[in-house]
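# Topology and contacts: notes
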Amino acid sequence: GCRMKCCVNSPLANSACTNARAAAQDRPARCAVPLPSPIDEKYLALSREHISAALRKILEPRPDGRILEIGPKLGWPGFETLDINSTEQPTYVADITKYNPSISSARYDIVICMSVLEHTLEPVKALAEIRRLLRDGGLLVAQTPLNFRQHGPQPDLWRFTHNGWKYLLRDWDDVKIDALDTPERTLFPIAYVVTARCNKAKITMPDEFRADWIDR
């Protein structure tokens, strides 16, 4: 599939876009992947800047404590990294949707998870493992697209709405959902950057959740 990623502006991201175009051009017509359109390129640039601005607020100056980046794209020194593939030589080659006994619970003060959850088979399980890896009060920083084309690495499975994020983070504290609005189209943002504090004492079972809590 298309290797165009919604990620920070970096040589890795630019190379991914170039590879997408080359791969699409080399394939037979019956299975060709459409090239990114001008609007895709525009949304990608806006998404990169949205992510970069959010990370600057959190990581500059560099906070104390251990930081884990899932699906590493930043290449910042001192981060531990986790990826399902070994290509980027992560600290851990692991599936974030599963329990990973090689990583101790409450190890991290910050977990960064940008443009990853839409590619996981079980995003709810991924968030559960992230919660385990964070210390109580630790910070999750995540980004997911909404009004954005299907993109690689495949599979690209999910899109998360504002209400969806509120439900997924119902047992987290200090939840902030920052929308990157789509120009000239309200209520359907390009993407969200989400931050939330881990609260290990909060456990709401799905059958205990009420829809009107979304508006709280």
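Up top you'll find the structure we're talking about.
A word on unusual backbone geometry. In this structure, the amide linkage connecting glycine 152 to the following residue, proline 153, adopts the cis form with an omega of 0°. You can see proline 153 is positioned in the loop between β5 (134-145) and α4 (162-168). Looking along the chain, the bond that leaves glutamine 154 and enters proline 155 is cis, with omega of 5°. Tracing the chain through its elements places proline 155 in the loop between β5 and α4. Although it is not a glycine, leucine 187 sits at a positive phi angle of roughly 65°. Within the fold, leucine 187 resides in the loop between β6 (173-180) and β7 (191-197).

All right, on to a nonpolar patch on the surface then. Together, Leu121, Leu157 and Trp158 make up an exposed nonpolar region whose accessible area comes to about 300 Å². Within the element layout of this structure, tryptophan 158 appears in the loop between β5 and α4. Taking relative accessible area as the criterion, tryptophan 158 reaches 37% and is therefore assigned partly exposed.

Looking now at the nonpolar core. With 29 residues, the main nonpolar core has Ile70, Ile130 and Trp165 as its most contacted residues. Of all the elements in the fold, those that place two or more residues in this core are β1 (67-70), β4 (108-114), α3 (123-133), β5, α4 and β7. Excluding residues that lie within four positions of it along the chain, tryptophan 165 makes contacts with Leu117, Leu127, Ala142, Thr144, Phe160, Ile177, Tyr192 and Val194. Counting residues in each nonpolar core, the second largest holds 12 residues, with Ile58, Leu59, Phe79 and Ile110 among its members.

Scoring rules and cut-offs
- Residues numbered from 1 in each chain as written.
- Predicted model: local features only at pLDDT ≥ 70, side-chain atom pairs only at ≥ 80, totals over all residues.
- Heavy atoms only, no water.
- Helix = DSSP H or I, 4+ residues; strand = E, 2+ residues; numbered from the N terminus.
- Patch = residues over 30% accessible without salt bridge, like charges linked within 9 Å, V, L, I, M, F, W, Y side chains within 5 Å.
- Areas by Shrake-Rupley, 256 points an atom, 1.4 Å probe, with all protein chains shown as cover.
- Salt bridge = Lys/Arg side-chain N within 4 Å of Asp/Glu carboxyl O.
- Buried < 20%, exposed > 50% of the residue type's maximum accessible area, 1.4 Å probe, protein only.
- Core = buried A, V, L, I, M, F, W, Y, C linked by side-chain atoms within 4.5 Å.
- Contact = heavy atoms within 4.5 Å.

Structural measurements only, silent on function.
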